[in-house]
Amino acid sequence: MKSFLILSLCLTPFLCFSGETGFVLLRSDQIELPESIGRETIAVIERTIDTLLETQEEDGLWKDRNSIPSAVLGVRNSPDPSQLRSLKEVEKNVSRPWQADDIRNASFVLLGAARVGLSPSPALLEHLSRANLDNLSPADCAIAILAMDAFGIPTRKHWERLEQRPLPPENTLSSVAAAALARWASHPGSLRSPRPDVLAHVRWLAARISLGFVGQVPPPDPNCPLDPENAFLIAVLANSIPRQLLADPKNALFPYNWKNHLANRVISLQKCDDDGNYYWEGPRSTLENTTLAVLALQLLSVR
């Protein structure tokens, strides 16, 4: 059954298709970041990770047993100690039903584990696969399914359930991006070429975030602000679109150099407090916003 599969998010370099498992985030055929913005992106990632490491509690986790920032730490085959602690923390809770916060924690921990090559316990993967995602936001639901995909858990039923959710009365960048991912992953045979309804969602996103150079494109829609959550989902979605679709002007999708513009926009949203801590604001907690921003930048900077 086909689904989105992230094996080594942001570290392994290519996005390709792999038989019945669907999307494998290895490397897309999208144009890379220009060298200058690429260097700046890496610098932003590194200084933000320094902030995340400095804000840990004494046990290597974060306030209220939060494990979410572990998603961006470590490198392939060299996990950060916090990732090991975070994995043990979420594995302790597989004997009880999970609330929304438990699912969010586990999802981010598993994305980080996939990036660095850690192997979670089968019990943890089974527990997440059986968790009720209906009470999660569309964005959280998509992130949880991506985490399952990262370890080959069959996810088509989860994508279908997300696809069947009614869109909110007022669409947001996050809800439309999540719906596009769900529609794309729910239909066998569509992964190599997105269906017209998926492209319509991408076109809606492209019209509102207006990726391009200032003065050459309309300003972004102020009613649909870019934030770390939707930037990550948009990066996952756009990174999977074949380059020839982007290059065809009649499709009115993202520009060919969309990574450059999206990375610039995400970086411009970063803040720094008086103590030199780097972070992002948005619809979530500061830790979650910052983690999602770094995940987006890691994905955009893959070579």
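For the structure, check the block above.
So, how was this worked out
- Residues numbered from 1 in each chain as written.
- Predicted model: local features only at pLDDT ≥ 70, side-chain atom pairs only at ≥ 80, totals over all residues.
- Heavy atoms only, no water.
- Phe/Tyr/Trp six-rings, centres within 6.5 Å; stacked < 30°, edge-to-face > 60°.
- Lys NZ or Arg CZ within 6 Å of the ring centre and 35° of its normal.
- Helix = DSSP H or I, 4+ residues; strand = E, 2+ residues; numbered from the N terminus.
- Expected span 1.5 Å × (residues − 1).
- Buried < 20%, exposed > 50% of the residue type's maximum accessible area, 1.4 Å probe, protein only.
- Salt bridge = Lys/Arg side-chain N within 4 Å of Asp/Glu carboxyl O.
- Contact = heavy atoms within 4.5 Å.

S.K.: Lay out the packing of aromatic side chains with the relevant residues and their values.
M.R.: Here the structure, examined in full by the defined rule, presents one aromatic pair. A centroid spacing of 6.2 Å and a plane angle of 35° characterise the contact between Phe254 and Trp258, whose relative ring orientation is tilted. Its end group placed over the ring of Tyr278, Arg47 keeps NZ or CZ at 4.4 Å from the ring centre.

S.K.: Help me get a handle on helix H5 (residues 138-149), residues and values and all.
M.R.: End to end, H5 covers 16 Å across twelve residues, agreeing with the expected 16 Å (1.5 Å per residue, within 8%). Taken residue by residue, H5 has Ala139, Asp140, Cys141, Ala142, Ile143, Ala144, Ile145, Leu146, Ala147, Met148 and Asp149 as its buried positions.

S.K.: Could you give me a rundown of the pattern of salt bridges, with the residues and numbers involved?
M.R.: Using the criterion set out here, one finds 16 salt bridges in the structure. We note a salt bridge from Arg39 to Glu35, for which the minimum N-O separation is 2.9 Å. Pair noted here: Arg39 and Glu35 are both in helix H1 (residues 35-54), with a separation of four residues, about one helical turn. Each member of the pair Arg39 and Glu35 is classed as exposed.

S.K.: Describe the environment of Leu87, with residues and values.
M.R.: Mapped onto the elements, Leu87 comes out in helix H2 (residues 81-91). By relative accessible area, which is 8% here, Leu87 ends up buried. Linking Leu87 and Leu124, residues 37 residues apart in sequence, is a C-alpha distance of 9.2 Å. Here Leu87 is in contact with Val109, Leu110, Leu118, Pro120 and Leu124, once residues within four sequence places are set aside.

S.K.: Break down unusual backbone geometry for me, with residues and values.
M.R.: For Asp64, which is not glycine, the phi torsion reads 60° and is therefore positive. For Asp64, the location among the structural elements is in the loop between H1 and H2. Not every positive phi belongs to a glycine, and Arg65 is a case in point at roughly 60°. On the secondary structure map, Arg65 appears in the loop between H1 and H2.

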